[in-house]
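# Examining the three-dimensional arrangement
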Amino acid sequence: MTEDAKARLDKVSANIARAAKLSGRRADDIQLIAISKTHHAPAIRPLLEAGHRRFGENRVQEAQAKWPGLRAEFPDVELHLVGQLQSNKAEDAVALFDAIHSVDRPSLVSALAKAQQKTGRHPVCFIQVNIGDEPQKGGCPIKDLPDLIKEARSADLDLAGLMAVPPADLEAAPYFALLAKLARDHGLKGLSMGMTGDYETAVKLGATHVRIGSALFGARG
Ligand SMILES: *Cc1c(COP(=O)(O)O)cnc(C)c1O
């Protein structure tokens, strides 16, 4: 089990390093976020023991149940929220997470600003963009992005960049390229893009944060 986790981590890290090299980038400029949603502590611990410290979850409540215990053992864990966030959970999210990748609407920007004031914590934020313009998907419509960036900046969020999940059945590369262009146009350096199926492509197109679940933990049940 522990060996497995270490082998998977090494393999994903090597793939990231190779994709970085092929595109003239430094592997150090890409952060690997291990998405541990649906997995319990016994599945997560081997990665922690292998030295990995950056993890992501998609639900606040699930993370609250799991991470305080693990953090007591591994205090330097860095936690990222990658799932949709309800405004009434903003304070819990700010209290627990070091980064929030799913800022997607003005009401959430206000809720996060309020939560920051109350808790004194300032997680790094990414605006999630609905890059494929899919009605069922979360994320800010591309046309609303300039205003939302302005609001996030004036609300004093620590805005690092943009995040997206491209449409499931289409080639991801054009969507990654579009997200990179939008970030560049707005002077944002962070690009949270790339999952198990497409992270090497994402790295070649400029990803600074890749969010990887299945390749590290196996398929989710
Ligand atoms: C689950 C999830 C991931 C990881 O997906 P895998 O395909 O298992 O690597 C990445 N990003 C988000 C937003 C997710 O919900």
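Going by the structure above, here's the rest.
Reference entry: report on the structure contained in this document.

## Observations regarding helix H3 (residues 60-73)
With 14 residues, H3 ought to run about 20 Å at 1.5 Å a step, and its terminal C-alpha atoms sit 20 Å apart, in line with that. Among the structural elements, helix H2 (41-49), strand E2 (54-57), strand E3 (78-81) and helix H4 (90-96) are those in contact with the buried residues of H3.

## What to know about the pairing of E3
Here E2 pairs with E3 via four bridges, running parallel. For Arg54, the partnering residue across the bridge sits in E3 and is Glu78. For the crossover from E2 across H3 to E3, the handedness is right-handed. Following the backbone out of E3, through H4 and into the adjacent parallel strand E4 (residues 99-103), one traces a crossover that is right-handed.

## What about the site of the ligand?
All residues adjacent to the ligand are Ile35, Lys37, Val82, Met163, Met195, Thr196, Arg211, Ile212, Gly213, Ser214 and Arg220. Gly213 places a main-chain nitrogen or oxygen 2.8 Å from an oxygen atom of the ligand. Contacts to the ligand include Ser214, whose side-chain N or O atom sits 2.6 Å from an oxygen atom. Protein burial of the ligand: of its 390 Å² of free accessible surface, 88% is covered by the chains. When its residues are assigned to classes, the shell around the ligand shows five nonpolar, three polar and three charged.

## Digging into the state of the cysteines
Applying the stated criterion across every chain, the model contains zero disulfides. Of the cysteine sulfurs around Cys125, a residue in no disulfide, the closest is that of Cys140, at 14 Å. With a relative accessible area of 2%, Cys140 lands in the buried category.

## Quick look at the pattern of salt bridges
Here the idea is simple: oppositely charged side chains can pair when their charged atoms come close. One pass over the structure, following the stated rule, counts 16 salt bridges. Close ionic contact of Lys66 with Glu62 constitutes a salt bridge, the shortest N to O distance being 2.9 Å. Of this pair, Lys66 and Glu62 both sit in helix H3, four residues apart, which is roughly one turn of the helix.

## Quick notes on the environment of Lys114
Along the chain, Lys114 turns up in helix H5 (residues 106-119). Looking at Lys114, the relative accessible area reads 62%, which means it is exposed. When the C-alpha positions of Lys114 and Leu182 are compared, they lie 27 Å apart, and in sequence the two are 68 residues distant.

## Digging into helix H6 (residues 145-154)
Those residues of H6 lying buried are Leu145, Leu148, Ile149 and Ala152. Projected down its long axis, H6 shows its buried positions confined to an angular sector of 100°, all on one face. Turned more than 90 degrees away from the buried face of H6, the exposed residues are Lys150 and Ser154.

Thresholds, definitions, all that
- Residues numbered from 1 in each chain as written.
- Predicted model: local features only at pLDDT ≥ 70, side-chain atom pairs only at ≥ 80, totals over all residues.
- Heavy atoms only, no water.
- Helix = DSSP H or I, 4+ residues; strand = E, 2+ residues; numbered from the N terminus.
- Expected span 1.5 Å × (residues − 1).
- Contact = heavy atoms within 4.5 Å.
- Pairing = 2+ DSSP bridges.
- Right-handed = clockwise from strand over helix to strand, strands pointing away.
- Near = heavy atom within 4 Å.
- Polar contact = N/O pair within 3.5 Å; in protein donor to acceptor, adjacent residues only side chain to side chain.
- Areas by Shrake-Rupley, 256 points an atom, 1.4 Å probe, with all protein chains shown as cover.
- Nonpolar A, V, L, I, M, F, W, Y, C, P; charged D, E, K, R; others polar.
- Disulfide = S-S within 2.5 Å.
- Buried < 20%, exposed > 50% of the residue type's maximum accessible area, 1.4 Å probe, protein only.
- Salt bridge = Lys/Arg side-chain N within 4 Å of Asp/Glu carboxyl O.
- Arc of directions from axis to C-beta.

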